[in-house]
There are 2 protein chains.
Amino acid sequence: MRVATQGQAESAPRIPLSRDRVLRAAVKVADEHGISALTMRRLAEELGAEAMSLYYHVAKKDEVLDGIVDLVVREINDVVDRLEVSAEGHGWKKAVRQRILSAREVFLRHRWAPAVMETRSTTSPAVLRYYDGLLGLMLRGGLSHDLAHHALHALGSRALGFSQELFDPGGGAADEKAVAEVAKMAGHLPNLAGMLGAIAHDDPDSTPGWCDDQAEFEFGLDLLLDGLERLRDAKWSSRRK
Amino acid sequence: MRVATQGQAESAPRIPLSRDRVLRAAVKVADEHGISALTMRRLAEELGAEAMSLYYHVAKKDEVLDGIVDLVVREINDVVDRLEVSAEGHGWKKAVRQRILSAREVFLRHRWAPAVMETRSTTSPAVLRYYDGLLGLMLRGGLSHDLAHHALHALGSRALGFSQELFDPGGGAADEKAVAEVAKMAGHLPNLAGMLGAIAHDDPDSTPGWCDDQAEFEFGLDLLLDGLERLRDAKWSSRRK
DNA sequence: ACCTGAACACCGTTCAAGT
DNA sequence: ACCTGAACACCGTTCAAGT
């Protein structure tokens, strides 16, 4: 029998489609079922419409992909706008670090986003705004324009909170698989096998499930930030031709 | 009229298919026409066969993708095996640097490879062998197992010679486009606009076509390597819990 | 053992047609 | 103005059938 519920599953298809609704539904599908599930037909289904209806609100699927990347980066901007940390003097490093780690948290909620981002051929305005803010922290921290410019390149995707971990591409248990592979080929991979052994010996608790992604991300990030600070203090300036 | 040529275009379809021929043809198609042109049908055409014939030599398209990544990394291993640089003492940094830049050259010949590599869920043995060699240089250079382990993570894809340049995803003139975008939105992007201005002022010759990818790659790489060396000399050891 | 033709399920997208 | 049904070209892949 039908009780007086908020007719969600029963009577949904009221509200009309819109570009915004399409994009939000696309993020939802990608979050819940992975980016490969994001087809125009599946997306339409999510909205209780037909695939062809989407084309009234977006020109091509590419526009959907551009749009969901934009949504994610705007989510990042919303988060970092709320941080409000001073960036004077030595504080710049802390401020940049905090901003990047906040961005990372957003990407961890949308694990498909980095890969999609890399396929886009245009840079979204939201990305430019994010970079502008990060650059501002560096400049206020005393980095020259030139050094800050190199810094953005050196950080690469790390500036936005993600990095290419070559042993975890699928996002699954690739790490364990790689470890097993090394063990099997230990004879041909003396150094990797030795490293595994040494680490297991030093820290017997460590699951051979292995690396703490967050810790490794922060290690690399700090290595770069420390290096940049040192260059700043050495009054580093561009090697001119 | 038909002259006595080496019947390449005329009488090709002699030699039988094989897994190896399939993979080499796949690399050729991707190199010449981009990864999006690499369909089973197109690949078969390249080989003078039907698409369905390929399935006798490879199980799925995924196997083709795994295979061509493997071919590229083996090309890298062939190149770096020929380098033979000592890695003792302070030489380790030079050796690692040279090896990575050599790997980079190979990727520059196969620009589709980094993106494909990231989609693979299994790590090819060739990649493990490459990492083993790089790790060996670091260990011989005096880095602890633990530091060298972090080093591999920190380098990320840079260890293999590529990095995510966020302003050049499509591989085209995305840089110029981004610069134009910044100019247009200068009011909302004060720091980026200021940086562009400052750099143009310092170096009036610089095309606003802009960044030297190779130089930026090396900047980031050196920042990391210098940082690692400093940690080694500071007798850095893992922060244990 | 090696290759192929027909066929299937599934894409993105067009276009004329509905309300 | 907004949505849809039928249709097209193109995927990866299966399977029974050819030599």
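A few points on the structure. Quick caveat, the model's predicted, so the values are computed rather than measured.

Considering the packing of helix 4 (residues 61-81) of chain A against helix 7 (residues 125-140) of chain A
Residue and element names in this part refer to chain A.
- Viewed as axis vectors pointing N to C, helix 4 and helix 7 meet at an angle of 30°, and their least axial separation amounts to 8 Å. One finds that helix 4 runs roughly parallel with respect to helix 7. The interaxial crossing formed by helix 4 with helix 7 has left-handed handedness. Residues Asp70, Val73, Arg74, Ile76, Asn77, Val80 and Asp81 of helix 4 form the contact with helix 7, whose own contacting residues are Pro125, Ala126, Val127, Arg129 and Tyr130.
- Broken down by class, the residue content of the contact of helix 4 with helix 7 amounts to 7 nonpolar, 1 polar and 4 charged.

Section: the protein's contact with DNA strand D
- Around DNA strand D, a shell composed of 16 residues is seen, among which A:Ser53, A:His57, B:Met40, B:Arg41 and B:Lys61 lie nearest.
- Here a phosphate oxygen of DNA strand D and a side-chain polar atom of A:Ser53 are 2.4 Å apart.
- A:His57 has a polar side-chain atom sitting 3.1 Å from a phosphate oxygen of DNA strand D.
- Of all elements in the fold, only helix 3 (51-54) of chain A together with helix 2 (40-46) of chain B reach the threshold of two or more residues within the surface near DNA strand D.
- Across the surface near DNA strand D, the residue classes break down as 8 nonpolar, 3 polar and 5 charged.

A closer look at the relation of the copies chain A and chain B
- Structural alignment of chain A on chain B gives an RMSD of 0.0 Å, achieved by rotating through 180° and translating 0.0 Å along the axis. Read as a symmetry element, the transformation amounts to a two-fold axis.
- Residue by residue, 100% of the interface of chain A is reproduced at the interface of chain B, so both copies engage with the same surface.

A look at the packing of aromatic side chains
- Inspection of the entire model under this criterion finds 4 aromatic pairs over all chains.
- Their ring planes at 70° and their centres at 4.9 Å tell us that A:Phe107 and A:Phe162 sit as a pair that is edge-to-face. Of the two residues, A:Phe107 sits in helix 5 (residues 91-109) while A:Phe162 sits in the loop between helix 8 (145-155) and helix 9 (174-184), which places them 55 residues apart along the sequence. Taken as a pair, A:Phe107 and A:Phe162 share a single burial class, namely buried.
- Aromatic pair A:Tyr130 and A:Tyr131: ring centres 6.2 Å apart, planes at 80°, arrangement edge-to-face. Assigned by exposure class, A:Tyr130 and A:Tyr131 land together as buried.
- Above the plane of the ring of B:Phe217 lies B:Arg104, whose end atom (NZ or CZ) is 4.2 Å from the centre.

Comments concerning the packing of helix 10 (residues 190-202) of chain A against helix 7 (residues 125-140) of chain B
- Following both chains from N to C, one finds helix 10 of chain A and helix 7 of chain B inclined at 70°, their axes separated by 7 Å at the closest point. In terms of axis orientation, helix 10 of chain A runs roughly perpendicular to helix 7 of chain B. For the pair formed by helix 10 of chain A and helix 7 of chain B, the contact residues are A:Pro190, A:Asn191, A:Leu192 and A:Met195 on the first element and B:Leu128, B:Tyr131, B:Asp132, B:Leu135, B:Gly136 and B:Leu139 on the second.

Observations concerning the interface of chain A and chain B
- Each side of the interface is counted separately: chain A has 66 residues, and chain B has 67 residues.
- Both faces combined, the contact of chain A with chain B buries some 5,800 Å², and carbon together with sulfur accounts for 63% of it.
- Across the chain A-chain B interface, the total number found is 0 salt bridges.
- Counting every contact that joins chain A to chain B gives 8 residue pairs in polar contact (both at pLDDT 80 or more).
- Residue assignment for the side of chain A that touches chain B shows that the elements contributing at least two residues are helix 6 (113-119), helix 7, helix 8, helix 9, helix 10 and helix 11 (213-233) of chain A.
- Residue contributions to the side of chain A that touches chain B peak at 9 residues, all from helix 11 of chain A.
- By residue class, the composition of the side of chain A that touches chain B is 32 nonpolar, 18 polar and 16 charged.

Cut-off values and rules
- Residues numbered from 1 in each chain as written.
- Chains lettered and ligands numbered in written order.
- Predicted model: local features only at pLDDT ≥ 70, side-chain atom pairs only at ≥ 80, totals over all residues.
- Heavy atoms only, no water.
- Axes fitted to C-alpha atoms, helices over the stretch in contact; angles between N-to-C directions.
- Helix = DSSP H or I, 4+ residues; strand = E, 2+ residues; numbered from the N terminus.
- Parallel < 35°, antiparallel > 145°, perpendicular 65-115°, else oblique.
- Left-handed = near helix turned anticlockwise from the far one by under 90°.
- Contact = heavy atoms within 4.5 Å.
- Nonpolar A, V, L, I, M, F, W, Y, C, P; charged D, E, K, R; others polar.
- Near = heavy atom within 4 Å.
- Polar contact = N/O pair within 3.5 Å; in protein donor to acceptor, adjacent residues only side chain to side chain.
- Least-squares fit on C-alpha atoms with pLDDT ≥ 70 in both.
- Phe/Tyr/Trp six-rings, centres within 6.5 Å; stacked < 30°, edge-to-face > 60°.
- Buried < 20%, exposed > 50% of the residue type's maximum accessible area, 1.4 Å probe, protein only.
- Lys NZ or Arg CZ within 6 Å of the ring centre and 35° of its normal.
- Buried area = accessible area lost by both parts, 1.4 Å probe.
- Salt bridge = Lys/Arg side-chain N within 4 Å of Asp/Glu carboxyl O.

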